[in-house]
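Given next are the chains, with one letter for each unit.
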Amino acid sequence: MTPILLLGAGRMGGALIQGWRAAGAFEAADLIIRDPHVDAAAFTGAVVNPPLAALSAAKTVLLAVKPQIWREAVQDVVPHLAPDAVIVSIAAGVRAADIAEVFGGRRVARVMPTTAVAIGRGAASLYADDAEALARAKALFAPVAAVAILPTEDLMHAATAVSGSAPAYLYAFIEALEAAGAAQGLDPAQSARLARATIIGAAALMEQSGEEPAELRKQVTSPGGTTAAALSVLMGEGGFGDLLPKALDAAVARSKVLGG
C-alpha cells in the first residue's frame, strides 16, 4: 500500500504523519507529500513536492485538502497517478462517487478522523463499497485511531457531526466552564487548571473503568446535592438534550452542503 501520497499536509494530514511516526506505522520514506504550503524540513525523510511524474509511484492517495477546494487541488495530479492507486478521502461531505469520477474511476474510501490521531488516540469513521479500498483505509487509520466501519455512506454525515466535529464541542464546553468558574470568583488561571484537569481525569476514568457514561454520572451525583442542582440545568429544558440534537442537525446539514 506504499508509497502513500498525501494531497495536503495541513492540520489533519500533519496529525496523521505525527501519529504514524509515533506508532511506527509507516516510515518517512513511505510518504510522498504534495502541499505548496509545507516546509520540506518539517518532514525529514519524506519526498516533498516532487515533480508530477513521480506521483505515479503512489499506491495509496490520501485526499486531505479542504472540501471546498478539493477539485482544484487534484486536477493536475490525477493524470499522473497509477491506474490501481486507491484513494482515501478525509474531505468532509464529499461523496465517494464524485471523488471516483474525478479520479478516473479509481477505488475510493472515505474516512472522518479526529486530530487526536496525532497522539494515537483518534477516532475514525470509515466507509467504502469496495473491500480493498476499505482495507486500505483501515490500514492507514487503525494504528492511530479507534475505527468504526459504517454500513452506508449517508451515515458519514452523522459520523462527522458526532465524532469528526465533536472535539470542538468539548473544547467549547471547557472554555465556558473556565469562564463560569472565574465568574464565580476563582482566579482565571486556577479555574482553567481545575476545569481542564477534571475533564481529562473524567475521560481517563471512563476509558479505564469501561463503565457507561450514565453510570459514572450517577456515581458522582448525590440526590439533592450540588451536582444534581447543576445537572437539573444542564439536562433540563434547553440543556444538553435539546442543544446537542440541534447542534448535530446543523453539522449534518453543513456536511451535506459541502458535499455539493
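Residues numbered from 1 in each chain as written. Predicted model: local features only at pLDDT ≥ 70, side-chain atom pairs only at ≥ 80, totals over all residues. Heavy atoms only, no water.

Q: Can you explain the pattern of salt bridges? Please cite residues and give values.
A: Within this structure, the stated rule accounts for six salt bridges. The residue Asp98 makes a salt bridge to Arg95 at a minimum N-O spacing of 3.0 Å. On the basis of relative accessible area, Asp98 is assigned to the buried category, the value being 13%. Across the salt bridge formed by Glu153 and Arg110, the nearest N and O atoms sit 2.9 Å from each other. Taken together, the residues Glu153 in the loop between β8 (145-149) and α5 (155-164) and Arg110 in strand β6 (residues 108-113) connect sequence positions 43 residues apart. For Arg110, a relative accessible area of 3% gives the class buried. (Salt bridge = Lys/Arg side-chain N within 4 Å of Asp/Glu carboxyl O. Buried < 20%, exposed > 50% of the residue type's maximum accessible area, 1.4 Å probe, protein only. Helix = DSSP H or I, 4+ residues; strand = E, 2+ residues; numbered from the N terminus.)

Q: I'd like to hear about the layout of surface pockets, residue by residue, with values.
A: Its boundaries defined by the atoms lining it, the second largest pocket holds a volume of some 980 Å³. The wall of the second largest pocket is formed by 34 residues, among which Met12, Ala64, Val65, Lys66 and Pro67 lie closest to the centre. Of all the secondary structure elements, the ones that give two or more residues to the lining of the second largest pocket are α1 (11-23), α2 (70-74), β6, α5 and α6 (166-183). Per-class residue counts for the lining of the second largest pocket are 17 nonpolar, eleven polar and six charged. (1 Å grid on protein atoms, 1.4 Å probe; cavity = no way out; pocket = protein on both sides within 12 Å on 5 of 7 lines; lining within 4 Å. Points joined across faces, edges and corners; volume = space filled by probe spheres on them. Nonpolar A, V, L, I, M, F, W, Y, C, P; charged D, E, K, R; others polar.)

Q: I'd like a rundown of the pairing of β6, residues and numbers included.
A: When you tally the buried positions in β6, you get six out of six residues, the bulk of the element. Residues Val108, Arg110 and Met112 of β6 are buried on one face, and the alternating residues Ala109, Val111 and Pro113, pointing to the opposite face, are buried as well. Judged from the three bridges that link them, strand β5 (residues 86-89) and β6 form a sheet pairing that is parallel. Paired with Ser89 across the strands is Arg110, a residue of β6. (Pairing = 2+ DSSP bridges.)

Q: So, helix α10 (residues 240-258): which residues are in play, and what are the values?
A: Along its 19 residues, α10 runs 26 Å from first to last C-alpha, staying within 8% of the 27 Å computed at 1.5 Å per residue. All of the buried residues in α10 are Ala251, Val252 and Ser255. All buried residues of α10 fall inside an arc of 100° around its axis, so they share one side. Of the residues in α10, the exposed ones pointing more than 90 degrees away from the buried face are Lys246, Asp249 and Val257. In this structure, the buried side of α10 is in contact with α5 and α6. (Expected span 1.5 Å × (residues − 1). Arc of directions from axis to C-beta. Contact = heavy atoms within 4.5 Å.)

Q: Residue-level account of a nonpolar patch on the surface, with values.
A: The grouping of Leu170, Tyr171, Phe173, Leu177, Leu234, Met235, Phe240 and Leu244 at the surface amounts to a nonpolar patch, some 690 Å² of accessible area in total. Within the residue set of the nonpolar patch, elements represented by two or more residues are α6 and α10. If one sorts the elements of the nonpolar patch by residue count, α6 sits on top with four residues. Accessibility expressed as a relative area gives 35% for Phe240, which makes it partly exposed. (Patch = residues over 30% accessible without salt bridge, like charges linked within 9 Å, V, L, I, M, F, W, Y side chains within 5 Å. Areas by Shrake-Rupley, 256 points an atom, 1.4 Å probe, with all protein chains shown as cover.)

Q: A description of the nonpolar core should follow, citing residues and the corresponding values.
A: The biggest cluster of nonpolar side chains holds 34 residues, and the ones touching the most others in it are Trp20, Ile33, Leu62, Val88 and Phe141. For this core, the secondary structure elements donating two or more residues are β1 (4-7), α1, β2 (31-34), β5, β6, β7 (122-127) and α4 (131-141). Apart from residues lying up to four places away in sequence, Phe141 is in contact with Leu16, Leu62, Val88, Ile90, Val111, Pro113, Ala124 and Val147. Listed in part, the 22 residues of the second largest apolar core include Ile32, Leu63, Val78 and Ala100. (Core = buried A, V, L, I, M, F, W, Y, C linked by side-chain atoms within 4.5 Å.)

Q: Residues and numbers for the packing of α6 against helix α7 (residues 188-209), please.
A: For the pair α6 and α7, the least separation of the axes is 8 Å and the interaxial angle reads 140°. What the angle tells us is that α6 and α7 run oblique. The element α6 and its partner α7 pack so that their crossing is right-handed. Along the contact surface, α6 presents Leu170, Phe173, Ile174, Leu177, Glu178, Gly181 and Ala182, while α7 presents Pro188, Ser191, Ala192, Ala195, Arg196 and Ile199. (Axes fitted to C-alpha atoms, helices over the stretch in contact; angles between N-to-C directions. Parallel < 35°, antiparallel > 145°, perpendicular 65-115°, else oblique. Left-handed = near helix turned anticlockwise from the far one by under 90°.)

Q: Any chance you could break down the environment of Ala23 for me, citing the residues and the numbers?
A: If you trace the backbone, Ala23 turns up in helix α1. For Ala23, a relative accessible area of 42% puts it in the partly exposed group. Separated by 184 residues in sequence, Ala23 and Glu207 place their C-alpha atoms 20 Å apart. Once you skip the residues sitting within four places of it in the chain, Ala23 turns out to touch Pro143 and Val144.

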